[in-house]
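Given next are the chains, with one letter for each unit.
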Amino acid sequence: MALKINKIYLLGSFLILGSNGTGHAQQFVLANQESQLIFSHINAAEQPREATMVIAGGAVADFDFDGYPDFYLLGGSDQNNALFKNNNDGTFTNIANQAGVDLFNILGSGPTFADVDGDFDLDLMVFSINLWDQPFGSDVDLIENRPRLFINQNDGTFLDTTTSSGFYSGMPSYAGSFADLDQDGDLDLFMTHWSSDSETTSKQLFWQNNGSGQFTDVTIDYLGFTQNANLNKWSFTPHITDINEDGWIDVLLAADFETTRIFYGTGGLPGPDTPLYMVSQPSFISDENGMGSAVADYDNDGDLDWFVTSIWDPNGIPEGNWGVTGNRLYKNLGSGVFEDATDEAGVREGYWGWGACFADFNNDGYLDIYHENGFANELHAGEFLNDPARLFMSNGNGTFTESSASAGLHFTGQGRGISCVDYDLDGDLDILIIPNNEAYQLYKNTSNNSNNYLSVNLFDHGPNPYAINAKIKVNTTGMSQLREVSSSNNYVSNNPLQQHFGLGLATSINSIEVTWPDGMQQNITNNLSVNEIISIGRYCHTTFIQSADISNQTTEVAVYLHDLMGLPLSSQAVSLTINKGPNTGVVINSTTDPLGRAIFTVNSNAVGTDRISYSFNHDNQAQICRSLIKWNNDIIFVDRFE
């Protein structure tokens, strides 16, 4: 049996081989100690209430653009929030205080990263249900109660712009997702609230961005007076996509007490009597307590399906105001027409469900489902105190097998959010469990099979530089897989923007198709390899992260230019600029060869990560591709050595 070695790292006298063997079972191990991710969510014990049992939150994103995902984690009411910077070696360091985001004495919920001002830096949004020790009768709109907006300063720090952001209200906010709701290019916000009020003023769901990170509540404009007035606010988890493929963005909203619904974009002009969004609860929606959700193409048929967690009560008896019939998997038959495939797929029995994600944990080309469980009301819901997590592994035929115990996922605590993320960039997806009132858990994926993978980052020009709501299709022999880049929400949590594709035993990629947010379609057919992380821009692609040894003081990087059909763009002038890193300010010019390839030689004698942009003009517009060089010391790096 041949051993396939992806990477060799030589550190001192230790040789570490990264390999993809065969015959190993799917397996996760707890990695908190190894990763130095030691942190807990802690709420004051003297003031328990239902809302504090529900909230939690964590955001996952590469906020400093060094190629590795970082974690922003809520501390609860009794300690500061944390920003765990990824050290690029499998460990993390809490830098929240230095970064200016170590919020304290608030009941935060559902933070998320998004580039709200279009400058390429990911900004931070932290939602909140209220000030923990607020005196009775005081102003509910105190800044401590509002959603908090922190603008990334591109120097490792954030600036609190809450008072000028337009978020004026202390209405309890649980989570949110960003997308270009009004199709003006920048990212707007859909915010969720979980409460029973019957007020007829704005329900504060839709927030329009003016392009610089200042927001205006446009809920009544978008819904009209009647829809807004009739809408309750038992909302939890939004996912934004054009689900019926009519060219207008929709909102899939998982919500409590039989109120899960869809906000369909109409494409009309917003106004009180002409709604931009129509609220609907189609007949296929039957979940009783929609909590978390995940949206992805689990059956590889080219459209997005919708998984919603709810409550499955093993004894079938609702001891309180909840349903008992469990999760739902809504299968998209095309153009947003759904059918309930829950029982066919075998994913109903999930206990008291919360955050969920679709992810291909074993890289076989089929998306699996992971979700968290639990509720800490011992008096009324004691049977849910120690709910196990659920891992539904795909069988490749539209059905799933529950495999959490055999995979080493033994968490039975109060899970709320989750992120399915390759935190160590080893080519498989790990799991970050985001709890309520207990320790965070990081499970490392240690499976070691023969399956290959591809990870893709999209970068665009304009006010949506991370190409939110672009779609990527990766085609290999016998299989096509679809992903959407989104400000996804799993329940008070998210997955990173980088899209991961398991490729099974495929050793080559036939093509990658990208549909950009404005509808432009791009096909890439050459210079693609498995087991890589790549970045794609309009008319270009490149290896995303390249490691180099500073003892050599030089390395070569390349970018490939091509037209929309994948044909190479030759004799094209390209400029490489290092925007940040040990070689900041370096500019190198080159020209593409007949293969559409531009090669650059970069020199360095310092350790660190160079952030590179490749700029060129095509289609009468400036275009951009992005990549990184990670300069290491005393490391021999070999990629794809057979």
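Residues numbered from 1 in each chain as written. Predicted model: local features only at pLDDT ≥ 70, side-chain atom pairs only at ≥ 80, totals over all residues. Heavy atoms only, no water.

By the naming in an unreviewed UniProt entry, the protein goes by VCBS repeat protein and is assigned to Marinicella litoralis.

J.: So, the domain arrangement of the protein: which residues are in play, and what are the values?
T.: Per the domain assignment, the segments making up the protein are domain 1 (28–445) and domain 2 (538–641). Computed from C-alpha atoms alone, the centre-to-centre distance between domain 1 and domain 2 is 35 Å. The contact between domain 1 and domain 2 buries some 780 Å² in all, and 58% of this surface belongs to carbon and sulfur atoms. If you sort the residues of domain 1 by the area they bury against domain 2, Phe65, Asp66 and Phe120 come out on top, with a joint share of 52%. Linking domain 1 with domain 2 are 0 salt bridges, by the criterion used here. Our enumeration of links across domain 1 and domain 2 arrives at 5 residue pairs in polar contact (both at pLDDT 80 or more). The residue makeup of the side of domain 1 that touches domain 2, split by class, is 4 nonpolar, 3 polar and 3 charged. (Domains from an automatic or database assignment. Buried area = accessible area lost by both parts, 1.4 Å probe. Salt bridge = Lys/Arg side-chain N within 4 Å of Asp/Glu carboxyl O. Polar contact = N/O pair within 3.5 Å; in protein donor to acceptor, adjacent residues only side chain to side chain. Nonpolar A, V, L, I, M, F, W, Y, C, P; charged D, E, K, R; others polar.)

J.: Give a description of empty space enclosed by the protein that names residues and reports values.
T.: Within this structure, the stated rule accounts for 6 cavities of 30 Å³ or more. Around the largest cavity sit 24 residues that line it, and Val295, Phe358, Arg483, Asn495 and Gln499 are the ones nearest its centre. When residues of the lining of the largest cavity are traced back to their parent elements, those giving at least two are β21 (293–296), β25 (353–359), β34 (479–484) and β35 (499–504). Sorting elements by how many residues they give to the lining of the largest cavity places β21 first, with 4 residues. Of the pockets and cavities examined, the second largest cavity occupies roughly 310 Å³. Lining the second largest cavity we find 23 residues, and of these Asp62, Asn457, Pro496, Leu497 and Gln498 sit closest to its centre. (1 Å grid on protein atoms, 1.4 Å probe; cavity = no way out; pocket = protein on both sides within 12 Å on 5 of 7 lines; lining within 4 Å. Points joined across faces, edges and corners; volume = space filled by probe spheres on them. Helix = DSSP H or I, 4+ residues; strand = E, 2+ residues; numbered from the N terminus.)

J.: Requested: an account of the UniProt feature "domain: ASPIC/UnbV" (unreviewed entry) in the protein, with residues and values cited.
T.: Taken from the UniProt record, the annotation "domain: ASPIC/UnbV" (unreviewed entry) applies to residues 467–531. Counted over residues 467–531, helix gives 0% and strand 42%. Its end C-alpha atoms are 23 Å apart. (UniProt positions renumbered as here; feature names shortened; annotations may be inferred.)

J.: Any chance you could break down the sheet that holds strand β3 (residues 28–30) for me, citing the residues and the numbers?
T.: Read across the sheet, 4 strands follow the order β3-β31-β30-β29 without closing on themselves; strand pairing throughout is antiparallel. With partners counted over all chains shown, the strands left at the sheet margins are β3 and β29 (415–421), one partner each. With direction set aside, neighbouring strand axes in the sheet form an average angle of 25°. (Pairing = 2+ DSSP bridges. Axes fitted to C-alpha atoms, helices over the stretch in contact; angles between N-to-C directions.)

J.: Please set out the nonpolar core residue by residue, giving values where relevant.
T.: Counting residues in each nonpolar core, the largest one holds 97 residues, and the members touching the most others are Phe71, Tyr72, Leu83, Phe113, Leu458 and Ile512. Each of domain 1 (28–445) and domain 2 (538–641) gives at least three residues to this core. Not counting residues within four places of it along the chain, the set of residues in contact with Ile512 comprises Leu454, Ile472, Lys473, Val474, Gln522, Asn523, Ile524, Leu528, Ile534 and Ile536. In terms of nonpolar packing, the next biggest core, distinct from the first, is built from 22 residues, Leu107, Phe236, Met291 and Val492 among them. (Core = buried A, V, L, I, M, F, W, Y, C linked by side-chain atoms within 4.5 Å. Buried < 20%, exposed > 50% of the residue type's maximum accessible area, 1.4 Å probe, protein only. Contact = heavy atoms within 4.5 Å.)

J.: So, the state of the cysteines: which residues are in play, and what are the values?
T.: A full pass over the atoms with the stated rule returns 2 disulfides. Here Cys357 pairs with Cys420 through a disulfide, and the sulfurs are 1.9 Å apart. Here the disulfide of Cys357 and Cys420 is left-handed, its torsion about the S-S bond being about -55°. With Cys357 in strand β25 and Cys420 in strand β29, this pair connects stretches of sequence that are 63 residues apart. Since its relative accessible area comes to 1%, Cys357 is described here as buried. Each disulfide in the protein links cysteines that, numbered along the sequence, combine into the pattern 1-2, 3-4. (Disulfide = S-S within 2.5 Å.)

J.: Give me the sheet that holds strand β41 (residues 554–561): which residues, what numbers.
T.: Across the sheet, 6 strands lie side by side as β35-β32-β38-β39-β41-β44; this open sheet has mixed pairing. Edge positions in the sheet fall to β35 and β44 (597–603), since each of these pairs with one other strand and no more. If you compare each strand with its neighbour and ignore which way they point, the axes differ by 25° on average. Two elements, strand β38 (residues 532–537) and strand β39 (residues 540–543), share 4 bridges in a ladder whose sense is antiparallel. Bridge pairing in β39 places Ile536 opposite His541.

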